[in-house]
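Per-entry structural report
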Amino acid sequence: MKKTLLATAIAGALGTMAAGAQAATVYNQDGSKLDVYGNVQLGWKNVKDGDGDYNDEIFDNGSTVGFRGEHIINPNLTGYFRAEFEFNADRQKGYYNQGGSNSNGSGLSKGDQAYLGLTGDFGDVRIGSWDDLLNDWVQDPVSNNEYFSNTTSGSDIGGSTYREANKVTYTSPITGGLQFAVGTRYFGDAENTQEFQDQYLNGTVDLDDDGNPINGDQNGRFVVDDGGSAAMFGGLRYMVGDWTLAAVYDDLKNFKYITTDGDEHDYGQQFGLNATWQMSDDLRVAAKWEKVHGQWEDDADADRYGIGARYSYGSGDLYGSYQYVDAERNAVALTDPDSFAGVDQGSDKSYNEFVLGATYNLSSQMYVWLEGAKYDREANTGDGFGTGIAYSF
């Protein structure tokens, strides 16, 4: 279960406490408040692997327990925090005995987001880990579904593990419909980081039929720069009438590419634009453009152009999105690894992505969903369909 309303994303950027459909207040006294909330989500999916074969499973879809609190320091200043932890509802009991690792094990073993901050008339200052600004302001209004979504420029940069971490952000109040945010993502000398994007998964190493690398790291490797690197990101948003316009930039200075000769390259930059039209209380339409300007090699840019809509029919939502992905020859390593022919080899490629879905509310706290997706990748990798149920508390 993901955020489905633009208002939720706005509330998150402002530092307010929007989270989940329900919450239990366990303490509310003397200007201090503590809430507990969460959800249990289970689903079934049938998705094509790299060989083009369907594989199905019952799976956990992000079951979460969360805590949030706030304390009024003075009439113009409030301190707050939020911490979320995930667990595997599909295989909770005895998973460790089956050899599960801590990253996918039983118990509250996976963190989602955690941060604390100060908010007031001046705006909001926050430190910790949470969704990217580009994710909230550009990507989510177009495609933010239950399981399947269009691919994002963030997936070209190793997913969310490192991009959402170690952040400090200031978000301004909304003045005349205008709002801005600016922040940094910092990895210091003492950070214990691993390669943020496994070289075998992103296609920068050629493999033989047994899955072993041919000639080792012949195409180089991507890493997180943990030597005191500070990335800068920011965004501007303008809200007028039924429209919300947003622009976001990230210099990606935390991420590097090291060639086989040991030469180090900056990863590049990330850009995004979004226009969202709330046509009525029931219908929202959004369009976006996002780009990774890859500098790790020549011809490594990837552009994504997407449009999506979500309609509330009373008992749930109907939604869908389309995205066109235009990848230069080296960007194919990240957008479609199975189709990558090696650094400075192959040709540019483009892809058409489609996602359709629907939800049906069983109650104010419980709903079911059905989704299908086609990603137009080599061997139709990732194409599939799924269904599930979620209960929020």
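In this report, we go over the structure that sits alongside the text.

The subject of this paragraph is the overall build of the protein. Within the protein one finds three helices and 21 strands. Burial statistics for the protein: of 393 residues in total, 47% are counted as buried. For the protein, the exposed area adds up to about 18,100 Å²; of that, 52% sits on carbon and sulfur atoms.

A few words on the sheet that holds strand S13 (residues 255-258). Taken in spatial order, the three strands line up as S10-S13-S14 in an open sheet, and their pairing is antiparallel. Both edges of this open sheet fall to strand S10 (221-224) and strand S14 (264-266), since each of them pairs with a single strand only. Along the sheet, successive strands turn relative to each other by an average axial angle of 35°, direction set aside. Summarising the sheet, S10 and S13 pair through four bridges and their orientation is antiparallel.

Moving on, we get to a nonpolar patch on the surface. A cluster of nonpolar residues, Val 40, Leu 42, Ile 58, Tyr 311, Tyr 313, Leu 318, Tyr 360, Leu 362, Ile 389, Tyr 391 and Phe 393, forms a patch on the protein surface that exposes about 940 Å² of accessible area. Under the relative-accessibility criterion, Leu 42 is labelled partly exposed at 31%.

Another point: a negative patch on the surface. A contiguous patch of negative charge, built from Asp 51, Asp 53, Asp 338 and Glu 378, is present on the exposed surface. Within the fold, Asp 51 resides in the loop between strand S2 (32-48) and strand S3 (54-60).

On to the nonpolar core. Nonpolar side chains tend to gather and get buried jointly when the protein is soluble and globular. Of all hydrophobic cores here, the largest spans 22 residues; its most connected members are Ile 157, Phe 222, Phe 255, Tyr 267, Trp 296 and Leu 334. Counting residues per element, the ones that place at least two in this core are S10, S13, strand S18 (317-327) and helix H3 (332-335).

Time to look at the side chain of Asp 35. Tracing the backbone shows Asp 35 in strand S2. The exposure class assigned to Asp 35 is buried, which follows from its relative accessible area of 6%. A polar side-chain atom of Asp 35 sits 2.7 Å from a polar atom in the side chain of Thr 25. With sequence-adjacent residues up to four places away left out, Asp 35 is seen in contact with Ala 23, Ala 24, Thr 25, Gly 66, Phe 67 and Arg 68.

Rules used throughout
- Residues numbered from 1 in each chain as written.
- Predicted model: local features only at pLDDT ≥ 70, side-chain atom pairs only at ≥ 80, totals over all residues.
- Heavy atoms only, no water.
- Helix = DSSP H or I, 4+ residues; strand = E, 2+ residues; numbered from the N terminus.
- Buried < 20%, exposed > 50% of the residue type's maximum accessible area, 1.4 Å probe, protein only.
- Areas by Shrake-Rupley, 256 points an atom, 1.4 Å probe, with all protein chains shown as cover.
- Pairing = 2+ DSSP bridges.
- Axes fitted to C-alpha atoms, helices over the stretch in contact; angles between N-to-C directions.
- Patch = residues over 30% accessible without salt bridge, like charges linked within 9 Å, V, L, I, M, F, W, Y side chains within 5 Å.
- Salt bridge = Lys/Arg side-chain N within 4 Å of Asp/Glu carboxyl O.
- Lys, Arg positive; Asp, Glu negative; His and termini not counted.
- Charge placed at Lys NZ, Arg CZ, Asp CG, Glu CD.
- Core = buried A, V, L, I, M, F, W, Y, C linked by side-chain atoms within 4.5 Å.
- Polar contact = N/O pair within 3.5 Å; in protein donor to acceptor, adjacent residues only side chain to side chain.
- Contact = heavy atoms within 4.5 Å.

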